[in-house]
Amino acid sequence: MKFNRRTHTCGELREENIGEKVILNGWVDNRRDLGGVIFVDLRDRYGITQIVFEPHYNVESHKEGSALRSEFVVAVEGTVRKRPDNTENLSIPTGLIDVMVDKIIILNEAKTPPFPIQKSENVNEDIRLEYRYLDLRSEKMQKNLIMRSKMYNTVRNYFNDNGFLEIETPYLMKSTPEGARDFLVPSRIHRGKFYALPQSPQTYKQLLMVSGFDKYFQIVKCFRDEDLRADRQPEFTQIDIEMSFVDQEDIFQMVEGLMVKLYKETKNSEIETPIRRMDFHEAMEKYGSDKPDLRFNLEMKTLNHVFENSEFRVFKDAIESKGIISGLVAEGCGDYTRNQLDVITNFVKQLGAGGLIWMRVTEDGLDAPVAKFMTDDEKQGIIDNLGAKPGDLLFIISGPKMKSLSIMGFLRLEMAKRLNLIKPDTKPSLLWVTNFPLLEWDEDTKRFYAMHHPFTSPNLDEVDKLETDPGSVNARAYDLVLNGNEIAGGSIRIHNSELQSRMFDALGVSKEEAETKFGFLMNAFKYGAPPHGGIAFGFDRLAMLFAGEDSIRDVIAFPKTSSASSLMDDSPSFVDEEQLKELFIKIR
RNA sequence: GGGGUCAUAGCUCAGUUGGUUAGAGCGCCUGCCUGUCACGCAGGAGGUCGCGAGUUCGAGUCUCGUUGACCCCGCCA
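If you're wondering where the values come from, they're calculated on a predicted model, not measured in any experiment.

What's the story with the overall build of chain A in this structure? I'm lost.
If you tally the helices and strands in chain A, you get 16 helices and 22 strands. Its C-alpha atoms give chain A principal-axis dimensions of roughly 95 × 70 × 50 Å. Counting every position in chain A, which comprises 588 residues, the buried fraction comes to 49%. In chain A, 68% of the contacts between residues at least 6 apart in sequence involve partners at least 24 apart. Accessible area of chain A: about 29,900 Å², with a carbon and sulfur share of 49%.

This is the structure in structure tokens:
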């Protein structure tokens, strides 16, 4: 087949090209056959150009034009002509011209697509995923992936300009016990042994610091075998960053510079720096989340001091067990019906709350089922502390501190939705959350786990409590939050093998286990490890937010479904017995 | 592991209290049509109502199970 290489793309031709002979290659987006004249929208990723088949202009091509169907791939030779008066299409950039077809070659025919390409976003996602290669032809997906590509470019340029090195790290590595479930890869050469795919290149980038590559970054795939969400895939992309001889401030400054550049180059908008910061503990108390959405206020208030001497059982228990009593005002919601309140109560109960106390604020005080258990002072205390006024609705949740705050945080988001507090034109809200707890107690296994990861440095003035009161130690760890989404997280690391040992002790990891699992890192730290720290971005989430999408699947070319399968190539799949045999694996 | 929403034509959906032959728009096919850009007009084809049981004289509709998609909780250092 003769191949006529294009002289222009389908988004390129303008009035100044009028009179030129051109060749276009592309897909038939739409065909409008008026009998005497045929219009075809020819599409490629650059745009759409209208090509015209007219018998007076060329009988032969007009005949061939009527055979065209949606998604045929063609090469068109023709002449650019100004569109006749009043037939311009101002909604597309090429809308002032036509290409009059001299010759058309069908490079490939196409079956009728299972769904219309142009409107694929209205099609059920399972069909889009089954025919992903068609879905990706849609304007939306092309736009998203083009934007994503631009973002890679911005990131690489930024770090390059700042003297960083991009260094690849292994995808086949050692399985580590902490953190997410590993994807395992069986070894053929080493019978019974397994590699793991990296949850992140964490240990490698720290070793690169030991090696003296003081500014490292990588755009890298990571793998976690955990359940999926709209913003979580089993394989995802990080912008991984690590720096030596730095403190938290240096990391913040470097990352803020990146965010400024990303906003400028992908959204053509400015953001304010320095980015606001908030202590983890404040974030939990005021917003019930370690990734608060600050596009709206709706602040929670701790009411423990109001009920110091309360006889109300629920509050008394909360205070005695060092729990929390947290309140929230839903402005103007005093007219919520009993039924609406039941729905909300059910909402918090499903999140694990023991119950929800609600109160209507009236001119006379508080109207609520539990009002009889409270003194007048307490009632006034609630109103004063929450700043409530008649017509408002109040919620109170009490119980174990972190759990109750977190549930109230979900209720805060729910009420924001109900009250429509996030307007489409709301400015993006960036926030550093700092000073995370170093450790997290797990009731099931009765031990501490690292909240970030086991290489995170404790605050230096709190190191002494590592043995006496480990739960109270905070970390030099930080997250970057955008509109209530965690988009990056990092920490200053431990660079001293002695402190690392104490950390493993606090985690209840034995000397032997630490040696087996992380010996290589601990050893490396004995040979002159510089102080270092870093951060990693969830690149897919960032792209999702920049694209204004609700799911990272819309910024990933070939994503998995929420049950971690690929509908297009039907993975995962069974493999031949021979393959298993070679790997010494037997399915139980 | 748990909770929720959904599944009817190629696509998006409607389908009453369980009742005759399951509909619409778009798409597709055929014909007509020289300025359309959601072209228009006329005609036509197209259905295992996700799958499997059950209740019933009768099930797209009710019950149970199951599969799949999506959202959330747990989980995600």
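What am I meant to see in the packing of aromatic side chains here?
Pairs of aromatic rings are described using the distance from one ring centre to the other and the angle between the two planes. Inspection of every chain in the model, using the stated rule, returns 18 aromatic pairs. With a centroid separation of 5.3 Å and 90 degrees between ring planes, the pair formed by Phe252 and Tyr478 is classed as edge-to-face. In this pair, Phe252 sits in helix α6 (residues 248-267) while Tyr478 sits in strand β20 (residues 477-482), placing the two residues 226 residues apart along the sequence. By relative accessible area, Phe252 is classed as buried at 1%. Between Tyr263 and Phe546, the ring centres sit 4.7 Å apart and the planes meet at 55 degrees, which makes this aromatic pair tilted. One end of the pair, Tyr263, is in helix α6; the other, Phe546, is in helix α15 (residues 539-547), and 283 residues separate them in sequence. There is no split in this pair, since Tyr263 and Phe546 are both buried. Counting every residue linked through ring pairs, the aromatic cluster contains Tyr158, Phe159, Phe164 and Phe217.

What's the story with the packing of helix α4 (residues 139-161) against α6 in this structure? I'm lost.
Taken N-terminus to C-terminus, the directions of α4 and α6 make an angle of 140 degrees; their axes are 10 Å apart at the nearest point. Judged on the interaxial angle alone, α6 and α4 are oblique. For the pair α4 and α6, the sense of crossing is right-handed. Two secondary-structure elements touch here, α4 through Met147, Lys150, Met151, Thr154, Val155, Asn157, Tyr158, Phe159 and Asp161 and α6 through Gln253, Met254, Gly257, Leu258, Lys261, Leu262, Glu265 and Thr266. Classifying every residue of the contact of α4 with α6 by side-chain character gives eight nonpolar, five polar and four charged.

Is there a simple way to explain the environment of Ile397 in this structure?
In this fold, Ile397 is placed in strand β16 (residues 393-399). The spatial distance from the C-alpha of Ile397 to the C-alpha of Phe280 is 20 Å, given a sequence separation of 117 residues. The contact partners of Ile397, leaving out residues within four places of it in the chain, are Ile324, Ile325, Ser326, Val348, Gly355, Leu356, Ser404, Ile407, Met408 and Leu411.

Would you mind showing me how to read the confidence of the model for chain A here?
Close reading of the predicted structure is inappropriate where its pLDDT is low. Across chain A, the average pLDDT comes to 95, with 100% of residues at 70 or higher. In the model output, the complex is listed with pTM 0.95 alongside ipTM 0.94.

Is there a simple way to explain the domain arrangement of chain A in this structure?
One widely used convention gives an interface's size as the accessible area the parts lose upon coming together. When cut into domains, chain A gives domain 1 (15-108), domain 2 (142-278 + 430-556) and domain 3 (296-418). Relative placement of domain 1 and domain 2: their C-alpha centres are 51 Å apart.

Quick question: what am I supposed to make of the protein's contact with RNA strand B here?
Taken together, 51 residues lie around RNA strand B, and Asn30, Arg81, Thr87, Ala450 and His452 are the ones closest in. Each atom of RNA strand B within 4 Å of the protein belongs either to a base or to sugar and phosphate, the latter forming 52%. Every element with two or more residues in the surface near RNA strand B is listed here: β1 (21-33) and α2 (125-130).

So what exactly am I meant to see when it comes to the pairing of strand β14 (residues 357-362) here?
In summary, the side chains of a regular strand alternate between the two faces of the sheet. Of all the six residues making up β14, five are buried; the element is thus mostly covered by neighbouring parts of the structure. In the sheet, β14 pairs with β16 via four bridges, with the strands oriented antiparallel. From the neighbouring strand, Met359 faces β16, where its bridge partner is Leu394. Strand direction decides the pairing type here: β14 and strand β15 (residues 365-367), joined by three bridges, are antiparallel. From the neighbouring strand, Thr362 faces β15, where its bridge partner is Gly365. Linking two consecutive strands that pair antiparallel, namely β14 and β15, is a turn of two residues.

What am I meant to see in helix α13 (residues 497-506) here?
One full turn of an α-helix is made of 3.6 residues, so residues set three or four places apart face in the same direction. Burial analysis of α13 places seven of its ten residues in the buried class, which makes it a mostly covered element. Along α13, the positions that sit buried rather than exposed are Ser497, Leu499, Gln500, Arg502, Met503, Phe504 and Ala506. Once α13 ends, the next one or two residues include Gly508, with phi positive near 75 degrees.

Would you take a moment to explain a nonpolar patch on the surface for this structure?
Together, Tyr133, Phe558 and Met568 make up a nonpolar patch on the protein surface, roughly 310 Å² of accessible area in all. Summarising the element assignment, Phe558 is placed in the loop between α15 and α16 (577-582). Given the relative accessible area of 49%, Phe558 is considered partly exposed.

Looking at this structure, how should I read the side chain of Asp240?
By secondary structure assignment, the location of Asp240 is in strand β10 (residues 235-244). Under the relative-accessibility criterion, Asp240 is labelled buried at 1%. Leaving out residues up to four positions away in the same chain, Asp240 has contacts with Pro201, Lys205, Tyr216, Phe217, Gln218, Val220, Ile535 and Ala536.

What is the right way to read the sheet that holds β15 from this model?
Sheet strands line up and pair through hydrogen bonds in the backbone, either parallel or antiparallel. Read from one edge of the open sheet, five strands run β12-β13-β16-β14-β15, paired in antiparallel fashion. Whereas interior strands pair on both sides, the edge strands pair on one side only; in this sheet they are β12 (301-302) and β15. Across the sheet, helix α9 (residues 338-350) is in contact with β14 and β16; its angle to β14 comes to roughly 145 degrees.

How do you make sense of the nonpolar core when you look at a structure like this?
Considering soluble globular proteins, one finds that nonpolar side chains tend to be buried as a cluster. Residues Leu393, Phe395, Leu411, Met415 and Phe504 are the most contacted members of the largest nonpolar core, which totals 58 residues. Lining this core are residues from two domains, each supplying at least three of them: domain 2 (142-278 + 430-556) and domain 3 (296-418). The residues contacting Met415, other than those within four sequence positions of it, are Leu298, Leu328, Ala330, Cys333, Tyr336, Ile344 and Phe395. By size, the runner-up hydrophobic cluster in this structure holds 41 residues, among which are Val155, Met259, Phe539 and Ile552.

Please clarify how the pattern of salt bridges should be interpreted in this entry.
Proximity of charged atoms lets side chains of opposite charge pair with each other. Tallying each qualifying case throughout the model produces 40 salt bridges. One salt bridge connects Arg132 with Asp135, and the closest N-O pair in it is separated by 2.7 Å. One end of the pair is Arg132 and the other is Asp135, both in helix α3 (residues 132-135) and three residues apart, which spans about a single turn. For Asp505, the salt bridge is made with Lys511, and the minimal N-O distance between the two is 3.5 Å. Judged by relative accessible area, Asp505 falls into the partly exposed class, the value being 43%. Among the ionic contacts, a cluster of salt bridges with common partners joins Arg128, Arg132, Asp135, Lys140, Glu549 and Asp554.

Conventions we followed
- Residues numbered from 1 in each chain as written.
- Chains lettered and ligands numbered in written order.
- Predicted model: local features only at pLDDT ≥ 70, side-chain atom pairs only at ≥ 80, totals over all residues.
- Heavy atoms only, no water.
- Helix = DSSP H or I, 4+ residues; strand = E, 2+ residues; numbered from the N terminus.
- Buried < 20%, exposed > 50% of the residue type's maximum accessible area, 1.4 Å probe, protein only.
- Contact = heavy atoms within 4.5 Å.
- Areas by Shrake-Rupley, 256 points an atom, 1.4 Å probe, with all protein chains shown as cover.
- Phe/Tyr/Trp six-rings, centres within 6.5 Å; stacked < 30°, edge-to-face > 60°.
- Axes fitted to C-alpha atoms, helices over the stretch in contact; angles between N-to-C directions.
- Parallel < 35°, antiparallel > 145°, perpendicular 65-115°, else oblique.
- Left-handed = near helix turned anticlockwise from the far one by under 90°.
- Nonpolar A, V, L, I, M, F, W, Y, C, P; charged D, E, K, R; others polar.
- pLDDT = per-residue confidence, 0-100.
- Domains from an automatic or database assignment.
- Near = heavy atom within 4 Å.
- Pairing = 2+ DSSP bridges.
- Patch = residues over 30% accessible without salt bridge, like charges linked within 9 Å, V, L, I, M, F, W, Y side chains within 5 Å.
- Salt bridge = Lys/Arg side-chain N within 4 Å of Asp/Glu carboxyl O.
- Core = buried A, V, L, I, M, F, W, Y, C linked by side-chain atoms within 4.5 Å.

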